[in-house]
Amino acid sequence: MYVCLCKGVSDRKIRESVEGGARSWREVQQETGCGTQCGKCACVGKTITREAIKAE
Ligand code: FES
């Protein structure tokens, strides 16, 4: 499922970013570009990031 339409970032991409070492929403943003354009996806993106970090 796409979380971020502006940058074409899926929830899977966010999880992969965390698996690859991203440790915060900011790091996921820097790596994927999620939430860096219109910002509408930021809330969902942050939630998925937090859950992925917790599940590590
Ligand atoms: Fe993610 Fe616009 S939908 S920045």
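The rules behind the values
Numbering of residues starts from 1 in each chain and follows the order in which that chain's sequence is written. Local features in a predicted model are, by the rule used here, given only for residues with pLDDT of at least 70; side-chain atom pairs are given and counted only at 80 or more, and totals for whole chains, interfaces and linings are based on all residues. Think of the side-chain values as coming from all heavy atoms in the structure, minus any hydrogens and water. A run of H or I in DSSP counts as a helix once it spans at least four residues, and a run of E counts as a strand once it spans at least two, with each numbered from the N terminus. The globule rule used for comparison is 2.2 Å times the number of residues to the exponent 0.38, while the radius of gyration itself is calculated over C-alpha atoms. Buried residues are those whose accessible area, probed at 1.4 Å on protein chains only, stays under 20% of the maximum for their type, while exposed residues exceed 50% and partly exposed ones sit between those limits. Contacts: residue pairs with any heavy atoms within 4.5 Å of one another. Counted charges follow a simple rule, with Lys and Arg positive, Asp and Glu negative, and His plus the chain ends left uncounted. In this description, the location of a charge corresponds to atom NZ of lysine, CZ of arginine, CG of aspartate or CD of glutamate. Between the N-to-C directions of two axes lies an angle of 0 to 180 degrees, each axis being a line fitted to C-alpha atoms and, for a helix, fitted only over the stretch in contact. Throughout, the term roughly parallel applies to angles under 35 degrees, roughly antiparallel to angles over 145, roughly perpendicular to angles from 65 to 115, and oblique to all others. We call a crossing left-handed when the near helix sits turned anticlockwise from the far one by less than a right angle, and right-handed when that turn is clockwise. Three categories are distinguished: nonpolar for Ala, Val, Leu, Ile, Met, Phe, Trp, Tyr, Cys and Pro, charged for Asp, Glu, Lys and Arg, and polar for the others, with Gly belonging to the last. The arc in question is formed by the directions pointing from the helix axis toward the C-beta atoms.

Take the overall build of the protein next. Secondary structure assignment for the protein yields 3 helices and 2 strands. Expected size for 56 residues packed as a compact globule is a radius of gyration near 10 Å; at 10 Å, the protein falls within 12% of this value. Projected onto its principal axes, the C-alpha positions of the protein cover 30 × 20 × 15 Å. Taken over 56 residues, the protein has a buried fraction of 39%. Nonlocal contacts in the protein, meaning residues at least 24 apart in sequence, comprise 53% of its contacts between residues at least 6 apart. Between the mean site of the 10 positive side-chain charges and the mean site of the 7 negative ones, the protein shows a separation of 7 Å.

On to the packing of helix 1 (residues 11-19) against helix 3 (residues 42-55), then. Two numbers describe how helix 1 lies on helix 3: the axes approach to 9 Å, and their chain directions differ by 45°. With respect to helix 3, the element helix 1 is oriented oblique. At the point where helix 1 passes helix 3, the crossing takes the right-handed sense. Contact residues: helix 1 offers Asp11, Ile14, Arg15 and Val18, while helix 3 offers Gly45, Ile48, Thr49, Ala52 and Ile53. Within the contact of helix 1 with helix 3, the residues separate by chemical class into 5 nonpolar, 2 polar and 2 charged.

Right, let's get into helix 2 (residues 25-32). Taken together, the buried positions of helix 2 are Trp25, Val28, Gln29 and Thr32. One face of helix 2 carries all of its buried residues, which in axial projection span an arc of 100°. Structural note: helix 2 exposes Arg26, Gln30 and Glu31 on the side pointing more than 90 degrees away from its buried face. Of the surrounding secondary structure, the elements contacted by the buried residues of helix 2 are strand 2 (9-10), helix 1 and helix 3.

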